[in-house]
Amino acid sequence: MGDLPMPADRAGGDVTAGSGAVVVAHELTRVYGEGETAVHALRGVTLAVEPGKLTAVMGRSGSGKSTLMHLLAALDEPTQGHVTIAGTRLGGLSDNAVTRLRREHIGFIFQFFNLLPMLTAEENIVLPLTLAGAKPQHEFFDELLSKVGLQDRLKHRPSELSGGQQQRVAIARALMMQPHVMLFDEVTSALDPELVGEVLVVIRNLAREGMTMLIVTHEMQFAREVGDRVIFMDEGKIVEQGKPSDVLDNPKEERTRQFLRRTLQLDHALDELTIEEGG
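Read on for a plain summary of the structure.

Reading the values: rules and limits
Sequence order sets the numbering: in each chain, residues are counted from 1 along the sequence as written. Given that the model is predicted, a residue must reach a pLDDT of at least 70 before its local features are reported, and side-chain atom pairs must reach 80 or more before they are shown or counted; all residues, however, enter totals for whole chains, interfaces and linings. Derived side-chain values reflect all non-hydrogen atoms in the structure, with water molecules and hydrogen atoms excluded from consideration. To qualify as a helix, a DSSP run of H or I must reach at least 4 residues; to qualify as a strand, a run of E must reach at least 2; elements of each kind are numbered from the N terminus. Within 6.5 Å between ring centres, the rings of Phe, Tyr and Trp (the latter by its six-membered ring) count as paired, and their orientation is classed by plane angle as stacked under 30 degrees, edge-to-face over 60, tilted in between. Three exposure classes are used, based on accessible area relative to the maximum for each residue type with a 1.4 Å probe and protein chains only: buried under 20%, partly exposed in between, and exposed over 50%. At least two DSSP bridges between two strands are required for those strands to pair. Whether two residues touch is decided by their heavy atoms; if any such pair falls within 4.5 Å, the residues are in contact. Only the contacting stretch of a helix is used when fitting its axis, a line to C-alpha atoms as for every element, and angles between N-to-C directions run 0 to 180 degrees. Polar contact is defined as a pair of N or O atoms within 3.5 Å, subject to the rule that within protein one atom must be able to donate a hydrogen and the other to accept it, and that residues adjacent in sequence are counted only when both atoms are side-chain atoms. Any carboxyl oxygen of Asp or Glu within 4 Å of a side-chain nitrogen of Lys or Arg constitutes a salt bridge here. It is the directions from the helix axis to the C-beta atoms whose arc is reported.

1. Here's the deal with the environment of His-26
Within the secondary structure, His-26 is located in strand β1 (residues 23-32). Between the C-alpha atoms of His-26 and Gln-80, which are 54 residues apart in sequence, the distance is 9.1 Å.

2. Describing the packing of aromatic side chains
Under the criterion given, the structure shown has two aromatic pairs. Geometrically, the ring pair formed by Phe-108 and Phe-110 is tilted, given 4.4 Å between the ring centres and 50 degrees between the ring planes. We classify Phe-108 as buried; its relative accessible area is 14%. Arranged with centres 5.1 Å apart and planes meeting at 45 degrees, the rings of Phe-232 and Phe-259 form a pair that is tilted. Note that Phe-232 is positioned in strand β9 (residues 229-234) and Phe-259 in helix α10 (residues 254-262), a separation of 27 residues in sequence. Taking relative accessible area as the criterion, Phe-232 reaches 2% and is therefore assigned buried.

3. Things to note about the sheet that holds strand β5 (residues 88-89)
Across the sheet, four strands lie side by side as β2-β1-β4-β5; this open sheet has antiparallel pairing. The sheet is open, and its two borders are formed by β2 (39-49) and β5, each paired with just one other strand. Running at roughly 120 degrees to β1, helix α1 (residues 65-72) makes contact with β1, β2 and β4 (80-85) of the sheet.

4. Structural notes on unusual backbone geometry
With phi around 50 degrees, Gln-178 is a residue other than glycine that occupies positive phi space. Take Gln-178: it is sitting in the loop between α6 (163-175) and β7 (181-185). The backbone of Glu-186 shows a phi angle near 50 degrees, a positive value even though the residue is not glycine. Within the secondary structure, Glu-186 sits in the loop between β7 and α7 (193-208).

5. Regarding the sheet that holds strand β6 (residues 106-109)
Judged by pairing direction, the sheet is mixed, and its six strands sit side by side in the order β6-β7-β8-β3-β9-β10 without closing on themselves. Each edge of the sheet is formed by a strand with only one pairing partner; in this case those strands are β6 and β10 (237-242). For this sheet, the mean inter-axis angle between neighbouring strands, taken without regard to orientation, is 15 degrees. Summarising the sheet, β9 and β10 pair through five bridges and their orientation is antiparallel. Among the inter-strand pairings, Asp-234 is bridged to a residue of β10, identified as Lys-237. With respect to the sheet, α1 is in contact with β3 (54-58), β6, β7, β8 (212-216) and β9, its orientation differing from that of β7 by roughly 150 degrees. Here α7 sits on the sheet and contacts β3, β7 and β8; the angle it forms with β8, its principal contact strand, is near 150 degrees.

6. A word on the side chain of Thr-120
As for its position among the elements, Thr-120 is in the loop between β6 and α3 (121-125). Residue class for Thr-120 comes out buried when judged on its relative accessible area of 10%. Not counting residues up to four positions away in its chain, the partners in contact with Thr-120 are Leu-154, Lys-155, His-156 and Arg-157.

7. What about the side chain of His-105?
On the secondary structure map, His-105 appears in helix α2 (residues 95-105). Within the local environment of His-105, its side chain forms a polar contact with the side chain of His-180, the two groups lying 2.5 Å apart. Those residues in contact with His-105, other than ones at most four positions away along the chain, are Ile-85, Ala-86, Pro-179, His-180 and Val-181.

8. Thoughts on the pattern of salt bridges
It is possible for side chains bearing opposite charge to pair when their charged atoms get close. A complete count under the given rule lists 11 salt bridges for this structure. Arg-224 is paired through a salt bridge with Asp-249; the nearest N and O atoms lie 3.0 Å apart. Residue Arg-224 is found in helix α8 (residues 220-226), and its partner Asp-249 is found in helix α9 (residues 244-249); the two are separated by 25 residues along the sequence. With its nearest N and O atoms 3.5 Å apart, the salt bridge here joins Arg-261 to Glu-254. When salt bridges that share partners are traced, they join Arg-60, Asp-234 and Arg-255 into one network.

9. Things to note about α2
Three or more residues of α2 are buried, namely Ala-97, Val-98, Leu-101 and His-105. Considered in projection along α2, the buried side chains sweep an arc of 100 degrees and stay on one side of the axis. Seen from the open side of α2, the exposed residues pointing more than 90 degrees away from its buried face are Asp-95 and Asn-96. In this structure, the buried side of α2 is in contact with β4, β5, β6 and β7.

Below, the structure written as structure tokens:
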């Protein structure tokens, strides 16, 4: 993929301390609506996605995780603040320039698979190249299929695939453009429990290969074992961040401890939980 250029604008502090961050968010604020009914989805979030690292983002529903992902993927625009992708600041770019930047640098995987039902798995996977008027290189395509384990499902349509297989098709489609960063927004939450593992294995293997990734997830054990960094969000802000072992096993903030206790991730959490707190 080659070396990435240095970000054009860097936020201060250790969050953006690494050189050549793939994606940098600086003081992102997103407000929907106006006046008393306005919803503040994000409140001044700053972070960097460093090359070769997997960052797991956690928090309760409504904490701003998906809004953050959409802003980082240039699928939405911030009310304040800015995003820099591969050295290019998004503000002021034309729609065509943003689309090209997103296509060339970012792979985005949604909670739901967003596959075209009339196309086969193979046709869905190569769709980005088809739209760009290009064809996949056979060696790369074969390697990609091996990564996601879909060699024997290429001629199947989405309705003939399990949820896990469909999500792996979506991952392969995103990887088809060889992005610099992969963004996953709760990609296992719509899957039956027995299918979660097959998707997480693919993501784990990508992490081992050095793919830069940001993943919104409730899979605590996965974040602990595979993640390089965990971010905990609440009410549109980053409340706590650090190494997975620190945030998940020894959280400093009471709001983080409360979330982990409610999700039964702390020792004796069920014994300590009350109906009011669990509700």
